[in-house]
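# A structural walkthrough
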Amino acid sequence: MVDGEVMERLWSYLRLFRKMTKEMTTSHREDILSDALYFYAKKQRSKIVMLLNAQMQRCTELLSHSTSEIEELRENSPVLITEEMINQWKEQESDLLRKSKPDHVDLGAHGWILPYFSVLRQYYSARNQLADGTGDQQSSHLEVLMSSLNSRLIKMEEEHDIKTRWSQTDQQYISSLTAQECVNAKQTLDMLLVSGRRRWFLLSLKKKYAEGQRQAKRLANSITKESSNLRRLMKRYNSSVEILRQNGRQMFVDLTWEKASDVTSSIYTINFPNQDEILLSVKRTAVDIVNLINRLLEEGSYLRHEMESCIKTFYDACLEIENKSSGFVGMGDDTEESNELKGLNSLKKNELHEEQINLFVSSNLFKQFIKIPDEVVEYLQQHSELSEENENGDEVYDEEEENEENEDV
């Protein structure tokens, strides 16, 4: 029952009174807003029973439908799908979605080559920029950068016994360039696949919300950001591929947006190996259904708790009103005060009658989902006249409340 937008709805309702209360005094404004909130709370309280019942009915129907879907998926699968397998697929998906850094590439004893080449590449880039001619301020910055890079290069050359510094035309430099771009392409592709899966997850999540809802707008913004990140990674990957193809590695091909954005394309099997005969699309479908089932079970638990609280609230209200009403019996007979007490007694009886009807209706609707407390059942049996009254007005009550509940939903 907690959706995070309760206060927003309350503000939306109170916004209707802004023109009315603008010129009022503080005390008058407080009275008007207090009455408005009292009416709003009473209206919401009168709809809570039908709302909970409708939500529980939908939750039960979705749970039944999802269970039949997972059973059908298991029957049509060439391999027996167990709960352990689905949980393992969920963990794999979660690990991939949480991934924030690319996989480390271990080059063994030659691991120093790429760091040396990276510094050397920066050194030649700064030298070329300085040779092309720049402003005095940028030139001084490049000279300082080159001096720092040169010191690091000298230290690394002494450490690894490099007699002559590699030039940009040496075979060692070209081979290191190819290796560096291979590593860059691999690591960029790792993060690209993670970004693509996140975008796919956000798209699937957005389908559960109607257009215009606050949550749908937030998801749309997240999808836009993830799409921009995916395009940036795709551009970086294609840049590495272009350098590799210029150096004779023609087996590398550019990525298109269609491939990068489609999680069913072949590139998404690279770091999600399919070790059995089950298709990756079937695995993702199974994971989605199981996640939905778990969410429905959780929601059902919350709804049952709310139903129990609802019945307890109505029952406690009935007892409290009865206790207060008993104090009016025998007080004043012929005085003016007795008329006021009779009026108060009449109001309490009407209020008690409303609470008893609420208790009766909620108990009858909720008994298929929860166990009604014994004291409530006994109380309703003592007031058997409620069932007779409800037989005449129950259909009208249900129809009106269901219409209001459907409008809210």
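Residues numbered from 1 in each chain as written. Predicted model: local features only at pLDDT ≥ 70, side-chain atom pairs only at ≥ 80, totals over all residues. Heavy atoms only, no water.

On to the nonpolar core, then. Of all hydrophobic cores here, the largest spans 27 residues; its most connected members are Val-49, Met-307, Ile-311, Leu-359, Phe-366, Ile-370 and Val-376. The set of elements that each furnish at least two residues to this core consists of α3 (26-76), α10 (280-326), α11 (336-366) and α12 (374-382). Among the nonpolar cores identified, the runner-up in size contains 17 residues, and Tyr-116, Leu-120, Leu-153 and Tyr-173 belong to it. (Core = buried A, V, L, I, M, F, W, Y, C linked by side-chain atoms within 4.5 Å. Buried < 20%, exposed > 50% of the residue type's maximum accessible area, 1.4 Å probe, protein only. Helix = DSSP H or I, 4+ residues; strand = E, 2+ residues; numbered from the N terminus.)

Attention shifts here to the layout of surface pockets. By volume, the second largest pocket amounts to about 500 Å³. Every residue lining the second largest pocket is counted, 18 residues in all, and those nearest its centre are Lys-42, Arg-45, Glu-354, Glu-355 and Asn-358. Sorting the residues of the lining of the second largest pocket by element identifies α3, α10 and α11 as the ones contributing at least two each. (1 Å grid on protein atoms, 1.4 Å probe; cavity = no way out; pocket = protein on both sides within 12 Å on 5 of 7 lines; lining within 4 Å. Points joined across faces, edges and corners; volume = space filled by probe spheres on them.)

So, on to the side chain of Ser-240. Mapped onto the elements of the fold, Ser-240 is located in helix α8 (residues 214-246). Look at Ser-240 and you get buried, because its relative accessible area is 5%. Setting aside residues up to four positions removed in sequence, Ser-240 forms contacts with Glu-181, Asn-184 and Ala-185. (Contact = heavy atoms within 4.5 Å.)

Quick look at α8 now. Its 33 residues place the ends of α8 49 Å apart at the C-alpha level, agreeing with the 48 Å of an ideal helix rising 1.5 Å per residue. Gly-248 occupies a position one or two residues after α8 and carries a positive phi of about 90°. (Expected span 1.5 Å × (residues − 1).)

Attention now moves to helix α5 (residues 113-132). The first and last C-alpha atoms of α5 sit 28 Å apart over 20 residues, in line with the 28 Å expected at 1.5 Å per residue. All of the buried residues in α5 are Leu-114, Tyr-116, Phe-117, Val-119, Leu-120, Tyr-123, Tyr-124 and Ala-126. Following α5 by one or two positions, Gly-133 adopts a phi angle in the positive range, close to 95°.

Attention now goes to the confidence of the model for the protein. Confidence along the protein averages 81 in pLDDT terms, with 83% of residues attaining 70 or more. In the model of the protein, helix α13 (residues 385-408) stands out as the element of lowest mean pLDDT, 51, in contrast to α12, which has the highest, 91. In this model residues 393-399 is a low-confidence stretch, pLDDT under 50, and it forms 6 contacts with partners more than four residues away in sequence or in other chains. Across residues 405-409, where pLDDT falls below 50, the model places 7 contacts with residues more than four positions away in sequence or in other chains. (pLDDT = per-residue confidence, 0-100.)

The next subject is the environment of Glu-351. Its location among the elements puts Glu-351 in helix α11. Here the alpha-carbon distance between Glu-351 and Ile-321, two residues 30 residues apart in the chain, equals 7.7 Å.

Our focus in this paragraph is the packing of α5 against helix α7 (residues 171-206). Close contact between α5 and α7 brings their axes to 10 Å; oriented N to C, the two are set at 105°. Viewed along their axes, α5 and α7 adopt a mutual orientation that is roughly perpendicular. Residues Ile-113, Leu-114, Phe-117, Ser-118, Leu-120, Arg-121 and Tyr-124 of α5 touch α7, and the partners they reach there are Tyr-173, Ser-176, Leu-177, Ala-179, Gln-180, Glu-181 and Val-183. Of the residues contributing to the contact of α5 with α7, the split by class is 9 nonpolar, 3 polar and 2 charged. (Axes fitted to C-alpha atoms, helices over the stretch in contact; angles between N-to-C directions. Parallel < 35°, antiparallel > 145°, perpendicular 65-115°, else oblique. Nonpolar A, V, L, I, M, F, W, Y, C, P; charged D, E, K, R; others polar.)

Applying the stated criterion to the full structure yields 12 salt bridges. The salt bridge partner of Lys-163 is Asp-161, with a shortest N-O separation of 3.0 Å. The pair formed by Lys-163 and Asp-161 is uniform in burial state, with each residue classed as exposed. Two residues, Lys-371 and Asp-374, come together in a salt bridge whose shortest N-O distance is 3.3 Å. This pair shows no difference in class: Lys-371 is exposed, exactly as Asp-374 is. Residues joined in a network through salt bridges with shared partners are Glu-71, Arg-74 and Glu-83. (Salt bridge = Lys/Arg side-chain N within 4 Å of Asp/Glu carboxyl O.)

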